[in-house]
Amino acid sequence: LSQGCGLGPLATAALAASVPLHISRLALEAHPAAVPRGSRILVVENPRIVEAAAQRHASTPVISTNGNPSSTVLLLLSQLLASGAELRYHGDFDAAGLAICARVMALGLIPWRMSAADYLEAVASADAEGAVLPRDTRAPGPTPWEPSLQSIFAQNRRIVHQERLLSALIGAR
């Protein structure tokens, strides 16, 4: 993201040092983010995924919404979409994460690795490792990118946080 986004020397230094960069609304208003058309960017819910991407020198830029996207995050995403970026979104497999995914999909982001098969694979992997997944007490809302995910999650209600999927998210392009 930092390369060519018009945010100047600080962004370039952060990129060179593999250090995540917090971008303020003031910075985005003064220097709108832009990337070359077709640039693929991963948007995630959890800031730990951004840190891991920086530590592993991931080739794909990663942006965190830090939960529900703030107005600043929404501004960044809209600027990137306007410049022609392909924004792929992955969130937690829980009722809140599925709701966020539906909201950002409506903005033009592409749900990525958020299918019913991805969910079931993540649950099976946790089971194979002997991990205990917490259960969600809330019913999931609609999952318009894959309606079957709503019913499968409603049956299982086992929460899979992004940190469990770190390698798959960062290692994939």
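Each value, and the rule that gives it
- Residues numbered from 1 in each chain as written.
- Predicted model: local features only at pLDDT ≥ 70, side-chain atom pairs only at ≥ 80, totals over all residues.
- Heavy atoms only, no water.
- Buried < 20%, exposed > 50% of the residue type's maximum accessible area, 1.4 Å probe, protein only.
- Helix = DSSP H or I, 4+ residues; strand = E, 2+ residues; numbered from the N terminus.
- Arc of directions from axis to C-beta.
- Pairing = 2+ DSSP bridges.
- Salt bridge = Lys/Arg side-chain N within 4 Å of Asp/Glu carboxyl O.
- Axes fitted to C-alpha atoms, helices over the stretch in contact; angles between N-to-C directions.
- Parallel < 35°, antiparallel > 145°, perpendicular 65-115°, else oblique.
- Contact = heavy atoms within 4.5 Å.
- Nonpolar A, V, L, I, M, F, W, Y, C, P; charged D, E, K, R; others polar.
- Phe/Tyr/Trp six-rings, centres within 6.5 Å; stacked < 30°, edge-to-face > 60°.
- pLDDT = per-residue confidence, 0-100.

*Asks:* Please clarify how helix α7 (residues 147-156) should be interpreted in this entry.
*Replies:* Because each turn of an α-helix spans 3.6 residues, side chains separated by three or four positions end up pointing in the same direction. Residues L149, I152 and F153 constitute the buried set of α7. Along the axis of α7, the buried positions cluster into a sector of 100°, meaning they face one direction only. Exposed side of α7, more than 90 degrees from the buried face: P147 and Q155 are the residues found there. R157 occupies a position one or two residues after α7 and carries a positive phi of about 55°.

*Asks:* Can you walk me through the sheet that holds strand β1 (residues 40-44) in this structure?
*Replies:* Whether parallel or antiparallel, the strands of a sheet pair through hydrogen bonds between backbone atoms. Taken together, the four strands give an open sheet; going across it, the order is β2-β1-β3-β4, and neighbouring strands pair in parallel fashion. Of all strands in the sheet, those bounded by a partner on one side alone are β2 (62-64) and β4 (110-111).

*Asks:* Help me out: how do you make sense of the pattern of salt bridges in this one?
*Replies:* Two side chains that carry opposite charge are able to pair once their charged atoms sit near each other. Overall, the coordinates contain seven salt bridges when judged by the stated rule. The partner of E86 in a salt bridge is R40, with the nearest N and O atoms 3.1 Å apart. Residue E86 is located in strand β3 (residues 86-90), and its partner R40 is located in strand β1; the two are separated by 46 residues in the primary sequence. Close ionic contact of R158 with D127 constitutes a salt bridge, the shortest N to O distance being 2.5 Å.

*Asks:* What is the right way to look at the packing of helix α6 (residues 116-129) against α7 in this model?
*Replies:* Between two packed helices, the angle of one axis relative to the other and the distance separating the axes together describe the packing. The N-to-C vectors of α6 and α7 enclose an angle of 25°; their axes lie 9 Å apart at closest approach. Here α6 is positioned roughly parallel relative to α7, judged by the angle of their axes. Facing A116, Y119 and L120 of α6, the residues of α7 in contact are S148, L149, I152, F153 and N156. Looking at the contact of α6 with α7 residue by residue, the classes come out as six nonpolar, two polar and no charged.

*Asks:* What's the story with the packing of aromatic side chains in this structure? I'm lost.
*Replies:* Here the distance between the centres and the angle between the planes together describe a pair of aromatic rings. Counted according to the given criterion, the structure contains two aromatic pairs. In textbook terms, an aromatic cluster arises when at least three aromatic residues are bridged by ring pairs, as seen for F93, Y119 and F153.

*Asks:* Any chance you could explain the side chain of H90 here in plain terms?
*Replies:* Within the secondary structure layout, H90 lies in strand β3. The buried category is assigned to H90, whose relative accessible area is 1%. If we ignore the near neighbours within four places in the chain, the residues touching H90 are L42, V43, V44, E45, W112, R113, M114, Q162, L165 and L169.

*Asks:* Any chance you could explain the confidence of the model for the protein chain here in plain terms?
*Replies:* Close inspection of predicted coordinates is inappropriate in any region flagged by low pLDDT. Looking at the protein chain, pLDDT values average 90 and 91% of them are 70 or higher. Contacts of residues 1-6 to residues separated by more than four positions or lying in other chains number 17 contacts, the stretch itself having pLDDT below 50.

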